[in-house]
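Residues per chain, in single letters:
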Amino acid sequence: MKKSATITVDIQFVQDDGVTPVNITGATLRFMIKRLVSDLDAAALIDKVPTTNVTDAPLGKCSTIITANEANNLPNNVPLFCEAMAVFPGGEVVRTETQGFTLVNNLIKALS
């Protein structure tokens, strides 16, 4: 997948057991890409509301689009990290597991 292309990111929220889905009905969603796992949310390189909305709220599934312009502004040859969060009306926050990846010569090298 080329960096200069639009990238679709599929997201699923699960319980701490890593299997049981979190029902995200009514939650406000957010997707971020950061330089370091420890970076504050405010320091995210990309911080957006998933644009393609919820695909299956009871199963915790949604997706977002990283535009070609957003992807082109990400650095090459350094580890980057992405995560999503769901904020529920009562204030509870659920985050996805952080995933690491590296853009090498404008290609996505690895997701972990």
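Scroll up to find the structure this text is about.
Just so you know, these numbers come straight off a predicted model, no measurement behind them.

1. A closer look at unusual backbone geometry
The backbone of asparagine 77 shows a phi angle near 65°, a positive value even though the residue is not glycine. Note on placement: asparagine 77 falls in the loop between helix 1 (68-72) and strand 6 (79-87). Take asparagine 77: its relative accessible area is 49%, and that puts it in the partly exposed class.

2. Looking at the pattern of salt bridges
One pass over the structure, following the stated rule, counts six salt bridges. One salt bridge connects aspartate 47 with arginine 30, and the closest N-O pair in it is separated by 2.7 Å. One end of the pair, aspartate 47, is in strand 3 (residues 46-48); the other, arginine 30, is in strand 2 (residues 28-34), with 17 residues separating them in the sequence. Given a relative accessible area of 40%, aspartate 47 falls into the partly exposed group. Close ionic contact of arginine 95 with glutamate 83 constitutes a salt bridge, the shortest N to O distance being 3.0 Å. Of this pair, arginine 95 sits in strand 7 (residues 93-95) while glutamate 83 sits in strand 6, and the two are twelve residues apart along the sequence. Since its relative accessible area comes to 36%, arginine 95 is described here as partly exposed. According to the relative accessible area criterion, glutamate 83 is buried, its value standing at 10%. What emerges from the salt-bridge pattern is a single network uniting Lys34, Asp41, Glu83 and Arg95.

3. Comments concerning the environment of glutamine 99
Along the chain, glutamine 99 falls in strand 8 (residues 99-104). Taking the relative accessible area as the measure of exposure, glutamine 99 reaches 28% and is therefore partly exposed.

4. A look at the side chain of lysine 34
Relative to the elements of secondary structure, lysine 34 occurs in strand 2. Given the relative accessible area of 4%, lysine 34 is considered buried. Here aspartate 39 takes part through its backbone oxygen, which lies 3.2 Å from a polar atom of the side chain of lysine 34. Engagement of the side chain of lysine 34 in a polar contact is seen with the side chain of aspartate 41, the distance being 2.6 Å.

The rules behind the values
Position labels on residues start from 1 in each chain and follow its written sequence. Only residues with pLDDT of 70 or above have their local features reported here, since the model is predicted, and side-chain atom pairs are shown and tallied only from 80 upward, although totals for entire chains, interfaces and linings are computed over all residues. Water and hydrogen atoms play no part in the side-chain values, which are based on all heavy atoms of the structure. Numbering goes from the N terminus for both helices and strands, where a helix is a DSSP run of H or I of at least four residues and a strand is a run of E of at least two. Throughout, exposure labels follow a simple rule: accessible area from a 1.4 Å probe, protein chains only, divided by the maximum for the residue type, with under 20% read as buried, over 50% as exposed, and the rest as partly exposed. What makes a salt bridge here is a side-chain nitrogen of Lys or Arg within 4 Å of a carboxyl oxygen of Asp or Glu, nothing more. Whenever a nitrogen or oxygen atom comes within 3.5 Å of another N or O atom, the pair is scored as a polar contact, on the condition that within protein one atom can donate a hydrogen and the other can accept it, and that pairs from neighbouring residues in sequence are kept only if both atoms are in side chains.

Shape is all these values report; function is a separate question.
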